[in-house]
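# Results of the structural survey
Chain residues, written in single-letter form:
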Amino acid sequence: VSETERLSYVGHNFGSEGMKCNSLCRYFVGVLDKNSGQMEVYNAEIFNMQPLLSDQILQGEGKVESRVVFCCDYLADGQMLVLMLRECACGTSSGVLCSPGCTGCFNVCFYLVQMDLCIEAFGTSKQKRALSSRRMNAVGNEIVNTAVTKAAANIIDTKGVTALMQDMAQDDVQNISAFLPPCHEDADRPENVYKFEDILSPAEYEALRVPAAALASVTAEEVAKRAEERSHCSFVLEELKFLPADEKRRDHKARCLWFLDTLIKFSHLKVIKKKYPMGPECPHIISKKLMKNFTSLTYNNGSIQNLISASMKAKITAYVIALALHINNFQTDLTVLQNDMKLSESRILDIAKALRLRVSKAKGVPGLENDQNHKLGTLSLPLPVQKAPEGQRKRKKIN
């Protein structure tokens, strides 16, 4: 689609003619599915497309530059998005957008239309010749539409609509799984579905012995005092009331509660500015794990920063739920965790269902959030079939 009968277009991504882009920046193209409301992101490069002109034309009329814009169109069935290459700096004077609803190239087209009208009325002979040449060599919409339609038809004929839909559903499932703990679907027991070693490695678990000792030795009076001070999240404060009497089991639960409390506190941060954001009492191996596994790098104000994005907070939530399942014999109160992590109910339920939990209603703990009806998440075998998101929920109208 970047050729006409008279002219070819060339883009350079290296050398002297390549665009001087910031090496720290990455570019992406987002492809939105209308049905599910989910967007897939692909790596992309920016090319400055220019007509390939002969020396004779360059000497006679000057170098003609052209801007090319990437736009997205839906196919007739509404299921697939096709990336189309359109010549935004088109020679037409109608000012029609390259695709319905596209705003990325409107200003460029509108500006060029105005310039073309000025050149027609007041331009020099050289400018008018350049305008005429650009109009004759413009990439026609019919060529683009024919090429895209033919390519889409070939794909549908080769794989079939059903196979394409299955591929899309599988991609959605894989995208969700990227933020979940490793899932062992062939496990024979619930504790082996999300293995404890995948949440805390043996070295990390050993490092929690010292900071968790204070929780293991806590008394009922200290629990009440910490509840008044809100030094821990509600889930941890409630579980501290039921520490096992056995020393080994008590120590194990204390370590799990300390790490879960740290994860929840870490999720409330936005931008990590300190080297040790959880304080000096947090072991170095745990701080390193938090920064490496639960933050994303961003470039801002000339420096690289660690950011807890929405996707990273969803990942933290998934690990918190998995750890809570190990603490509570693979059944946990999702509403308590939702309140601790300051999430909406729909958000935590989506993550719980992605973890293959069975969600049911249960009466919450008295005194927590007005004794509201709580959602209970249970991990049991066989695991429910994982489904891709069906789309965004309809928002309720607020009068």
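Residues numbered from 1 in each chain as written. Predicted model: local features only at pLDDT ≥ 70, side-chain atom pairs only at ≥ 80, totals over all residues. Heavy atoms only, no water.

Under the annotation held in an unreviewed UniProt entry, the protein chain carries the name RPA49 polymerase and is attributed to Hylia prasina. What UniProt states about the protein chain under its Sequence similarities (unreviewed entry) heading is, verbatim, "Belongs to the eukaryotic RPA49/POLR1E RNA polymerase subunit family." According to the UniProt record, the Subcellular location (unreviewed entry) comment for the protein chain reads "Nucleus, Nucleolus". (UniProt positions renumbered as here; feature names shortened; annotations may be inferred.)

## Notes on the overall build of the protein chain
If you tally the helices and strands in the protein chain, you get 15 helices and twelve strands. Burial status across the protein chain gives 38% buried among its 399 residues. A sequence separation of at least 24 residues applies to 61% of the contacts in the protein chain between residues at least 6 apart. (Helix = DSSP H or I, 4+ residues; strand = E, 2+ residues; numbered from the N terminus. Buried < 20%, exposed > 50% of the residue type's maximum accessible area, 1.4 Å probe, protein only. Contact = heavy atoms within 4.5 Å.)

## Considering the pattern of salt bridges
For the coordinates displayed, the defined rule picks out nine salt bridges. Residues R189 and E191 are paired through a salt bridge, measuring 3.4 Å at the closest nitrogen-oxygen approach. For E204, the salt bridge goes to K289, with nearest N and O atoms at 3.2 Å. Taken together, the positions of E204 in helix α7 (residues 202–207) and K289 in helix α12 (residues 284–293) put the pair 85 residues apart, joining distant regions of the chain. What makes E204 buried here is its relative accessible area of 10%. (Salt bridge = Lys/Arg side-chain N within 4 Å of Asp/Glu carboxyl O.)

## Some points on the packing of helix α8 (residues 209–216) against helix α11 (residues 247–267)
In the contact formed by α8 and α11, the axes pass within 8 Å of each other and the chain directions differ by 110°. Comparing the axis directions of α8 and α11 gives the class roughly perpendicular. Contacts from R209, P211, A212, L215 and A216 of α8 reach α11 at R250, A254, R255, L257 and W258. Here the contact of α8 with α11 is built from residues that sort into seven nonpolar, no polar and three charged. (Axes fitted to C-alpha atoms, helices over the stretch in contact; angles between N-to-C directions. Parallel < 35°, antiparallel > 145°, perpendicular 65-115°, else oblique. Nonpolar A, V, L, I, M, F, W, Y, C, P; charged D, E, K, R; others polar.)

## Examining the sheet that holds strand β9 (residues 303–307)
Strands sit in the order β7-β9-β8 across an open sheet of three strands; the sheet is antiparallel. Two strands lie at the open edges of the sheet, namely β7 (271–272) and β8 (296–300), each paired on one side alone. Pairing of β7 with β9, which is carried by two bridges, proceeds in the antiparallel orientation. Bridging from a neighbouring strand, I272 pairs with N306 of β9. (Pairing = 2+ DSSP bridges.)

## Thoughts on helix α15 (residues 345–354)
Among the residues making up α15, those that are buried are I348, L349, I351, A352 and A354. After α15 finishes, the residue R356 shows a positive phi value of roughly 70°.

## Details of the pairing of strand β12 (residues 373–378)
Burial analysis of β12 places five of its six residues in the buried class, the great majority of the element. Of the strand pairs in this sheet, strand β10 (residues 331–333) and β12 are connected by three bridges, and their pairing is antiparallel. Counted as the bridge partner of Q331 is T378 from β12.

## Notes on a nonpolar patch on the surface
On the surface, F28, L32, M39 and V41 cluster together to form a nonpolar patch covering roughly 380 Å² of accessible area. Elements represented by at least two residues in the nonpolar patch include exactly β2 (27–32) and β3 (39–44). (Patch = residues over 30% accessible without salt bridge, like charges linked within 9 Å, V, L, I, M, F, W, Y side chains within 5 Å. Areas by Shrake-Rupley, 256 points an atom, 1.4 Å probe, with all protein chains shown as cover.)

## Some details on the confidence of the model for the protein chain
The predicted model of the protein chain has a mean per-residue pLDDT of 75, with 66% of residues at 70 or higher. Throughout residues 54–108 the model reports pLDDT below 50, and contacts reaching past four residues in sequence, or to other chains, amount to 107 contacts. (pLDDT = per-residue confidence, 0-100.)

## Some words on the pairing of β9
Relative to β9, β8 is paired through five bridges, and the arrangement is antiparallel. Its bridge partner lying in β9, N300 is registered against S303.

## With respect to the environment of K342
Position of K342 relative to the elements: it lies in the loop between α14 (334–341) and α15. In this structure K342 comes out as exposed when scored by relative accessible area, which is 63%. Residues K342 and S267, 75 residues apart in the sequence, show an inter-C-alpha distance of 9.4 Å.

## Brief notes about the environment of L180
Here L180 lies in the loop between α5 (161–177) and α6 (196–199). Residue L180 is classed as buried on the basis of its relative accessible area of 13%. In sequence terms L180 and I316 are 136 residues apart; their C-alpha atoms lie 8.8 Å from each other.

## Some words on unusual backbone geometry
In this structure, the amide linkage connecting L381 to the following residue, P382, adopts the cis form with an omega of 0°. Tracing the backbone through its elements, the reader meets P382 in the segment after β12. Positioned with a positive phi, N329 is a non-glycine residue whose angle comes to about 60°. Position of N329 relative to the elements: it lies in the loop between α13 (310–327) and β10. Owing to a relative accessible area of 66%, N329 belongs among the exposed residues under this scheme. Look at F330: it is not a glycine, yet its phi comes out positive at around 65°.

## Here's the deal with the nonpolar core
Ranked by internal contacts, the top residues of the largest apolar core, which has 62 residues, are F235, L260, F266 and I321. Secondary-structure elements contributing two or more residues to this core are α6, α8, α10 (234–240), α11, α12, α13, α14 and α15. Element by element, the count of residues in this core is highest for α13, at twelve residues. (Core = buried A, V, L, I, M, F, W, Y, C linked by side-chain atoms within 4.5 Å.)

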